Amino acid sequence: MDKIKTSLLIFIFAFILRGVPLGSPLWGISQDEISLIRGTTQLFSCTNEGDCFLPVSLFFFSWPKIFLTNTLQIILWARVITLTLGMVTLILSYLLFKKILKDSSLVFFALFTLVFCPQLVFLSKFVSPLALGLPLLLLSIYLMVKGLHYWQYLVFSQIFSGLALFSSAYALVPSLILLFLSIFLTLGKKKFIICLSAFFIFLVWFFFNKYSSFFLIKRSLVFFSEPGFINAINSSRGILREGGHFLLGKILYNKLYFSIFWLSNLFRQYSLANIFSLIEDSGNSTLFTVGPMLIVWFPFFVWGVLESFKYFSFKKAAILLLVLFLAGIPASLLSPRFNQDAFVFALFPMAIYLGIGLSGFFKKRGAIFILIMLFTLNFLITTFKVVLDFKQNVRLKNQKNYLSVIKGNFR
Amino acid sequence: MKKGKPNIILLLITFLSFALRFWKLASFPVSLNIDEVVIGYDSYSILKTAKDQWGSFLPLAFQSIGDYKAPVLIYLMVPAIKIFGLNEFGIRFTVAFFGSLTPLLIFFLADYFFKRKEIALIASFLLAISPWHIHYSRATFEAILALFFFLSGVTIFCRSIPLKGKFWWLSGIFFCLSLYTYHAERIFIPLFLVVLLLVYFKEIRKNFKNVLVALIISFIILLPLASIMLSPQGQTRAKSVFFTNDYELRVVKFGEIEKRGGISFFEKILNGKPVATVSFLLKRYLEYSDISYLFFKGMNYTPDKFPAIGLMYLFELPFFLLGIFKLTQKSLTKDKIFLAFGWLLLGPIPSALSNNSQHSLRSLTLIPIPQFLSALGLFTFFNWFLNLNIAENLKKIFYFLCSLLLLSSFIYYFDLYYVQFPYHYSHYLMYGLKEVALYAWEHHNEYEQVIIDPDFGLEGKNITGIPFAYLLVYGREDPRVVQAGKSPYEFENFSYRPVYWPEDQKLKNSLLVASFWQLSPEEVPAEQIVKVVKLYNGKPMFYLVKTK
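Throughout, a residue's number is its position along its own chain's written sequence, starting from 1. For naming, the first written chain is A and the first written ligand is 1, with later ones following in the order written. The predicted origin of the model limits local features to residues at a pLDDT of at least 70 and limits the giving and counting of side-chain atom pairs to 80 or more, whereas totals for whole chains, interfaces and linings rest on all residues. With hydrogens and water excluded, all non-hydrogen atoms of the structure serve as input to the side-chain values.

### Let's talk about the overall build of chain A
Runs of E in the DSSP output that reach at least two residues are strands. Runs of H or I that reach at least four are helices, and both are numbered from the N terminus. When helices and strands are counted, chain A shows 22 helices and zero strands. In what follows, residue pairs with any heavy atoms lying within 4.5 Å of each other are defined as contacts. Of all intrachain contacts in chain A linking residues separated by at least 6 positions in sequence, the fraction that spans at least 24 positions is 76%.

This is the structure we're talking about:
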């Protein structure tokens, strides 16, 4: 009964944070919402605008356009869909954490950090393809974990991975990883063919939707089209060549460097300053300038990572660490800086570590009060800053579009 | 390990350390930087007259260029300048020497920590080849000397514990020397001593007599320092580099807050300047844990997106992470784990409080711990590998590949430091000012005045040099002459101000020295350009122009 009460309380909190105020034009309208208003109603193709809704997310978010004509009402109901998806994300996180962390108190602590995660809160307030891609991926992972014991779930896991693939550009790499993992887990068994078939269906659909696929690859793998790297490698080689060390230049500076640049960018995504503090300037965040996790969680995260090797078996702890590592890959494949939006996948393994770290702390009752005070202050300060940042970014950036959408489409 | 073998290996490591720091010391870095010339000249002045360039007798804070430098390095440089002369080698010798000896200290400290000679040797070797440490050892940075004294203090303190604190008084002296050597230590060491006190409280309480002796001696030594730090001159440096002067905070962040204007009380509490300041500080602090900075690009030898190197070699990364893991698995006693983590947490504080992001010089006190962690990781890995049940030939191939990886890391580092870095950034190293100074000295009697514009740069006039110091050093001007003048800037017929060709071309029989921003070859007649001084990469930087 206590567990049910605690769960309910957490979900009510989450709903209030995400739902209020939903339709108020106080926030302005995001770029994705403008694309949605402007975009076509063809459900299985991409629009021709620069900001494209992939087929699955277009399908999900276009329903209000079928029944409504008023622009603001369309946006409001599309946001209701996002809010619902945000709550579904939390429910799926809860179910997933229950599978991984046997102790219910750890599950609640982990969930708590996600409920109050600024990035997830605001992801639930606006129409965003990522708001759909995220729960689809979580569902896929949850089904995959279940599929370790019952292979049928792996097929469903594949299906949801495939749907995630076509919902958000950021979901490309995680969904591909999950797709391959599902096949790998059934290798050597008869069910392998079923999983492989599901995978091929998505491959076919991938090539069928040429425009979507092109957009998907272009948006998710921007890193490799950075011209600066090639110029830099050639320049470094040229400097050695000037000194007469032609062969050395070729050996030391070649396209293999892309792997080192990429590795550097991958580790950059895990910069504690970007995750827990202020994001580096000119970051690719579409949201705000504070990190996705509250600073007050920092010591618990570090503690949780270290304690995880005591809590889990070495193998499980290593797998969790690997999952955290893999979760940062989508962000590292974008431009060479911290990408807050794509880093969202890493918040879930981080929450698990936080659950472990916080549970150890809560055994020392004297310090709980201090933590609650710090958490409240941190959350208020962060929320306030986010509100100001977002208003400034969204309003200023989309001032023209905002006005044209409101005035031109108001019916 | 056989008895005597560690000593031989340690000797070889020390030899390697000396080799890496002294090889072509006079030529690389390619130019003396601002601090090197002023420190060098002050040291020369002490040698000749026992006074600094401003005429102060044996000062404890050198006025220098208004930044009141710490004294220890300047005094310690006197013998080297006496023997080798006032030149690049003479100026750089002292720091390179103490930097070369630091791996020895690391060995003794690591031996105390891990009680295994193998790990201590690996840690010592890693420091000997560390890009982070080599870079600053070769360019007369006080931080290297301060680190040497600090490590001496810590090593003596730790090794005195089984001796009931017999040599803690000596440890105290070294800590005090470190405080006199570099400003960052004045923040770090007091905090570190608190950690020492907490970790070794029982031992300190048991041997309080020896602690008292150390405290009394340290107190006497530090009295003059306290009076300097409390004086306006002593606070100049601290005030100028304090984080509140940081452009990003003062102008950008506070500017945003002020632009909003008319903010409510609620906003002031939740998003005003105090919150902005704390957020900014936290960000600066956390930046020092950035793996990308530590292992990929921390040394800033090349521009953004260019191949780069971190403070540590990339091959150390997996072992560094393994070392962190091993440390938490109680591979050391509790007191040592706390000491290591305390050191790691405190290390970035002095640099976080300054007005630069990710400043590898000011966080130099951190350097032993990452090396310890990498050494622990390396030892753990190779210990495990040695005991693997695989063919000996396979092991030999693996060792060969590891050696190849180490060698290629070296070669890569060498290229970045000796080739790429001077090519890209010689202007930031003040390259060209030596040539300007030598020419100006040679020909200054031919002119009524020699006017040198201190501002130059490739992207714009974003670098301010101190040409007077280069003239002093390369002209070996008599310190008595300099001291007799109103200031060190005024000697002979040299003056330093912005050059403006449309007006200055009217001056009679003068030599104007400025960068192409002020003396553009398109404006200045070719016959009046007497010399063009180029940067290391061949790009013209300084134009020496005579007026009619």
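### A word on the packing of helix α5 (residues 88-114) of chain B against helix α21 (residues 368-386) of chain B
Residue and element names in this part refer to chain B. Here an axis means a line fitted to C-alpha atoms, over the contact stretch when the element is a helix, while the angle between two N-to-C directions is reported on a 0 to 180 degree scale. Direction vectors running N to C along α5 and α21 enclose 60°, while the axes themselves pass 11 Å from each other. The angle between the axes of α5 and α21 places the two elements in the oblique class. Two packed elements cross with a definite hand, and for α5 against α21 that hand is right-handed. Contact residues: α5 offers I106, L109, A110, F113 and F114, while α21 offers P368, F372 and L376. Of the residues that constitute the contact of α5 with α21, the class distribution is eight nonpolar, no polar and no charged. Reported orientations rely on four angle classes, namely roughly parallel under 35 degrees, roughly antiparallel over 145, roughly perpendicular from 65 to 115, and oblique for the rest. If you view the pair so one helix is near and one far, a crossing is left-handed when the near helix is turned anticlockwise from the far one by less than a right angle, and right-handed when it is turned clockwise. Each residue is assigned to one of three groups, with Ala, Val, Leu, Ile, Met, Phe, Trp, Tyr, Cys and Pro labelled nonpolar, Asp, Glu, Lys and Arg labelled charged, and all others, Gly among them, labelled polar.

### Some remarks on the interface of chain A and chain B
At the interface, 39 residues of chain A touch 37 residues of chain B. Taking both sides of the interface into account, the surface hidden between chain A and chain B amounts to around 3400 Å²; carbon and sulfur atoms contribute 73%. Take a side-chain nitrogen of Lys or Arg and a carboxyl oxygen of Asp or Glu: if they are within 4 Å of each other, that pair is a salt bridge. Linking chain A with chain B are zero salt bridges, by the criterion used here. Here a polar contact means two N or O atoms within 3.5 Å. Within protein one must be a hydrogen donor candidate and the other an acceptor candidate, and residues neighboring in sequence count only if both atoms are side-chain atoms. Inspection of the chain A/chain B interface yields four residue pairs in polar contact (both at pLDDT 80 or more). No other element matches helix α13 (residues 227-242) of chain A, which puts eight residues into the side of chain A that touches chain B. Its residues assigned to classes, the side of chain A that touches chain B shows 27 nonpolar, six polar and six charged. As used here, buried area is the combined drop in accessible area, with a 1.4 Å probe, of two parts when they are placed together.

### As for the domain arrangement of chain B
All names here are of chain B. Domains assigned within chain B are domain 1 (5-31 + 87-422) and domain 2 (433-546). Residue ranges for the domains originate in an automatic or database domain assignment. Taking only C-alpha atoms into account, the centre of domain 1 sits 39 Å from that of domain 2. Of the residues lining the interface, eight residues belong to domain 1; the matching set on domain 2 comes to six residues. Taking both sides of the interface into account, the surface hidden between domain 1 and domain 2 amounts to around 480 Å²; carbon and sulfur atoms contribute 51%. Among the residues of domain 1 in contact with domain 2, S31, E88 and P422 are the three that bury the most area, contributing 56% of the side total. The interface formed by domain 1 and domain 2 holds one salt bridge in total. A salt bridge links K434 to E88; its shortest N-O distance comes to 3.1 Å. Listed by contribution, the elements that provide at least two residues to the side of domain 1 that touches domain 2 are α5 and α22 (392-425).

### Notes on the packing of helix α1 (residues 5-22) of chain B against α5 of chain B
Relative placement of two packed helices is described by the angle separating their axes and the distance separating the axes. Residue and element names in this part refer to chain B. Following both chains from N to C, one finds α1 and α5 inclined at 155°, their axes separated by 9 Å at the closest point. By the criterion of interaxial angle, the relationship of α1 to α5 is roughly antiparallel. The handedness of the crossing between α1 and α5 comes out as right-handed. Every residue of α5 that contacts α1 at L10, T14, S17, F18, R21 and F22 is listed here: F89, F93, A96, F97, G99, S100, L101, P103, L104 and F107.

### Examining the nonpolar core
All names here are of chain B. We call a set of buried Ala, Val, Leu, Ile, Met, Phe, Trp, Tyr and Cys residues a nonpolar core when their side-chain atoms join them within 4.5 Å. Working definition: with a 1.4 Å probe on protein chains only, accessible area under 20% of the residue-type maximum means buried, over 50% means exposed, and in between means partly exposed. Ranked by size, the top nonpolar core spans 160 residues in total, and within it F113, F150, Y200, W343, F372 and Y470 carry the most contacts. Of all the elements, helix α8 (residues 142-160) adds the most residues to this core, at 13 residues. Residue-level mapping places this core at the junction of two domains, with at least three residues from each of domain 1 (5-31 + 87-422) and domain 2 (433-546). Ignoring sequence-local partners within four residues, the contact set of F113 consists of L332, K336, L339, A340 and F372.

### Some words on unusual backbone geometry
All names here are of chain B. P29 follows F28 through a cis peptide bond whose omega is 5°. Positionally, P29 belongs in the loop between α1 and α2 (34-49). A positive phi angle, close to 50°, is found at K24, a residue other than glycine. Inspection of the secondary structure assignment puts K24 in the loop between α1 and α2. Despite not being glycine, E492 shows a phi value in the positive range, around 50°. Relative to the helices and strands, E492 is located in the loop between α25 (479-484) and β4 (494-496). On the accessibility criterion, E492 (46% relative accessible area) is partly exposed.

### Some details on helix α18 (residues 317-328) of chain B
Every helix has an expected span of 1.5 Å times one less than the residues it contains. Between the first and last C-alpha of α18 of chain B there are 17 Å, a value that for 12 residues agrees with the 16 Å anticipated at 1.5 Å per step. Every buried residue of α18 of chain B is accounted for by L317, F319, F320, G323, L327 and T328 of chain B. Summarising the contacts, the buried residues of α18 of chain B are in contact with α15 (257-269) and α17 (298-311) of chain A together with α17 (291-297), α19 (334-346) and α21 of chain B. Positive phi appears at K330 of chain B, one or two residues downstream of α18 of chain B, with a value of about 60°.

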